[in-house]
Amino acid sequence: MKKVIATLVLTSFAGTVVAQQGLKPEEMIKFRKAGYSFMAWNMGKIKANLEGTYNKEQVIAAANVVAATANSGMGALFAAGTEKDVGGQATRVKPEFFKEQDKVRELAMAYIKEANELQKVAATGDAAAVKVQFGKTGESCKACHDKYRKD
């Protein structure tokens, strides 16, 4: 499984998928922002369940979306030309993101691992275990934000 994930991440950072799709830089920025927004919305649903009445099915559905998005190859949407605002699409990615690809891969792999684990834990229905894994998933997401996202 780790080899499959590593291949997906490395392929996505190479940008080959985007090149085949013929996306413009502004489209890449638009799609990645949408993907991260959708993922954040689903993380919010999990958080709301952990803070309120726990609905196992809602948590499973949201965790599935988080894991699917994490594994979708979104790294391909960080191709050349997307390091700055373009075509009316603003980006909050710091220039260092494009210069430190080994560190970016490391952070992306850590996030994918935690998102996949969140999906597995959510399937158990154990709210306490979900809460612990939700924290780990959030921290791995935050690690990239702290290093590579502009305020």
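Rules of the game
- Residues numbered from 1 in each chain as written.
- Predicted model: local features only at pLDDT ≥ 70, side-chain atom pairs only at ≥ 80, totals over all residues.
- Heavy atoms only, no water.
- Core = buried A, V, L, I, M, F, W, Y, C linked by side-chain atoms within 4.5 Å.
- Buried < 20%, exposed > 50% of the residue type's maximum accessible area, 1.4 Å probe, protein only.
- Helix = DSSP H or I, 4+ residues; strand = E, 2+ residues; numbered from the N terminus.
- Contact = heavy atoms within 4.5 Å.
- Phe/Tyr/Trp six-rings, centres within 6.5 Å; stacked < 30°, edge-to-face > 60°.
- pLDDT = per-residue confidence, 0-100.
- Salt bridge = Lys/Arg side-chain N within 4 Å of Asp/Glu carboxyl O.
- Axes fitted to C-alpha atoms, helices over the stretch in contact; angles between N-to-C directions.
- Parallel < 35°, antiparallel > 145°, perpendicular 65-115°, else oblique.
- Left-handed = near helix turned anticlockwise from the far one by under 90°.

*Asks:* If you had to explain the nonpolar core to someone new, which residues and values would you point to?
*Replies:* Most often, soluble globular proteins have nonpolar side chains that are buried together. Core analysis: the biggest nonpolar cluster contains 17 residues, and Ile 46, Val 66, Tyr 111, Leu 118, Ala 122 and Val 130 have the highest contact counts within it. Of all elements in the fold, only helix H3 (25-51), helix H4 (56-70), helix H6 (101-124) and helix H7 (127-148) reach the threshold of two or more residues within this core. Those residues in contact with Ile 46, other than ones at most four positions away along the chain, are Val 59, Ala 62, Ala 63, Leu 118, Val 130 and Phe 134. Among the nonpolar cores identified, the runner-up in size contains six residues, and Phe 78, Val 93, Val 104 and Tyr 148 belong to it.

*Asks:* Go over the packing of aromatic side chains with me, naming the residues and quoting the values.
*Replies:* The final tally for this structure, using the stated rule, is five aromatic pairs. Judged by centre distance (6.3 Å) and plane angle (55°), the rings of Tyr 36 and Phe 78 are tilted. Separated by 42 residues along the polypeptide, Tyr 36 in helix H3 and Phe 78 in the loop between H4 and helix H5 (96-99) bring together distant segments of the chain. Among the residues examined, Tyr 36 registers a relative accessible area of 39% and is labelled partly exposed.

*Asks:* Account for the confidence of the model for the chain, naming residues and giving values.
*Replies:* Reading predicted coordinates in detail is not appropriate for stretches of low pLDDT. Across the chain, the average pLDDT comes to 90, with 87% of residues at 70 or higher. This stretch, residues 1-16, has a pLDDT under 50; its non-local contacts, to residues over four places away or in other chains, come to 24 contacts.

*Asks:* A description of the pattern of salt bridges should follow, citing residues and the corresponding values.
*Replies:* This model, assessed by the stated rule, comprises six salt bridges. Among the ionic pairs, Asp 102 bridges to Arg 105, the shortest N-O distance being 3.4 Å. Note that Asp 102 and Arg 105 are positioned in helix H6 at a spacing of three residues, about one turn of the helix. With a shortest N-O distance of 2.8 Å, Lys 142 and Asp 146 are connected by a salt bridge. Here the residue Lys 142 and the residue Asp 146 both occupy positions in helix H7, the gap between them amounting to four residues, near one helical turn. For Lys 142, a relative accessible area of 40% gives the class partly exposed. According to the relative accessible area criterion, Asp 146 is partly exposed, its value standing at 48%.

*Asks:* Let's hear about the packing of H4 against H6: which residues, and what values?
*Replies:* Closest axis-to-axis distance for the H4/H6 pair is 8 Å, and the angle between their directions is 160°. As the angle between them shows, H4 and H6 are arranged roughly antiparallel. Viewed along their axes, H4 and H6 form a crossing whose handedness is left-handed. Judged by residue contacts, Lys 56, Val 59, Ile 60, Ala 63, Asn 64, Val 66, Ala 67 and Ala 70 of H4 engage Tyr 111, Ile 112, Ala 115, Asn 116, Leu 118, Gln 119, Ala 122, Ala 123 and Thr 124 from H6.

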